[in-house]
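# Topology and contacts: notes
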Amino acid sequence: MLISHKFEVSIKNDKKMNKSILGLDKKESANLVDNLNGLLSNFQIYYQNLRGLHWNIKGKNFFQLHVKFEEFYTDSQVKIDDIAERILTLQGKPLHTFTDYINNASVPVGKDISNDVEAVNLVVNSLSELLKIEREILNLSDEANDEGTNSMMSDFIAEQEKTIWMLNSWLGK
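This one's a predicted model, so the numbers in the text were calculated from it and none came from an experiment. All residue numbers here refer to positions counted from 1 along the written sequence of the relevant chain. Given that the model is predicted, a residue must reach a pLDDT of at least 70 before its local features are reported, and side-chain atom pairs must reach 80 or more before they are shown or counted; all residues, however, enter totals for whole chains, interfaces and linings. Working from all heavy atoms in the structure, the side-chain values ignore hydrogens and water.

### Examining unusual backbone geometry
Located in the positive-phi region is Asp112, a residue other than glycine, with phi close to 55 degrees. For the exposure calls, accessible area comes from a 1.4 Å probe over protein chains only, and a residue counts as buried if that area is under 20% of its type's maximum, exposed if over 50%, partly exposed in between. Residue Asp112 is classed as exposed on the basis of its relative accessible area of 66%. You will see that Asn145, though not glycine, has its phi angle at about 55 degrees, which is positive. Within the secondary structure layout, Asn145 lies in the loop between helix 5 (116-143) and helix 6 (147-171). Only runs of H or I of at least four residues qualify as helices and only runs of E of at least two qualify as strands under DSSP, and these elements are numbered from the N terminus.

So, in structure tokens, the structure goes:
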């Protein structure tokens, strides 16, 4: 049975209408944007935690951790920008209010933490939560053939896994 040329063109046009300017499925991209906004929210809470840890750390490990937390929040700032720009690339709108961040985040909030072990445990727990979100986005981006998001998540995951290992070593775990 032959398919008419008009029918073939109609099917191709329907498929093109479901594709974004990047050639990705619009529904899958919208789902990725939602998940990336969740990651953005979590990174913003994580970033603010790191600022607080940097400012409030006390004790014998002050000099070591003060510098380390600054390193972490500077890195997080770059990742926040990368995530927001990826959302824009996928034709979405990045969340940008603290209300949105608080309502969409699952990373634990650290308040008034000055103890070194408690501070490092907060960072490890936060990174573990970020990894869960990033792995979910990695799976979604793989299914959507979104190599840009997939690559970003792979890079984040590899770096954060190493950081967790190092921090756990510092904790003696």
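### Points about the nonpolar core
By nonpolar core we mean a set of buried residues, namely Ala, Val, Leu, Ile, Met, Phe, Trp, Tyr and Cys, connected to one another through side-chain atoms within 4.5 Å. Counting 42 residues, the largest nonpolar core has Leu39, Tyr46, Phe69, Ile83 and Val123 as its most contacted members. Counting only elements with at least two residues in this core, the list comes to helix 2 (26-56), helix 3 (62-89), helix 5 and helix 6. Note on contacts: a residue pair is in contact if any heavy atoms of the two residues lie within 4.5 Å. Contact partners of Phe69, with chain neighbours within four places excluded, come to Leu50, Leu53, His54, Ile57, Ala119, Val120 and Val123.

### Comments concerning helix 3
Taking 1.5 Å of rise per residue, the 28 residues of helix 3 would be expected to cover 40 Å, and the 40 Å separating its terminal C-alpha atoms lies within 8% of that figure. Inspection of helix 3 places Leu65, Phe69, Phe72, Tyr73, Ser76, Lys79, Ile80, Ile83, Ala84, Arg86 and Ile87 among the buried residues, and these make up the whole buried set. Buried positions along helix 3 lie against helix 2, helix 5 and helix 6. How far a helix is expected to stretch is found by multiplying one less than its residue total by 1.5 Å.

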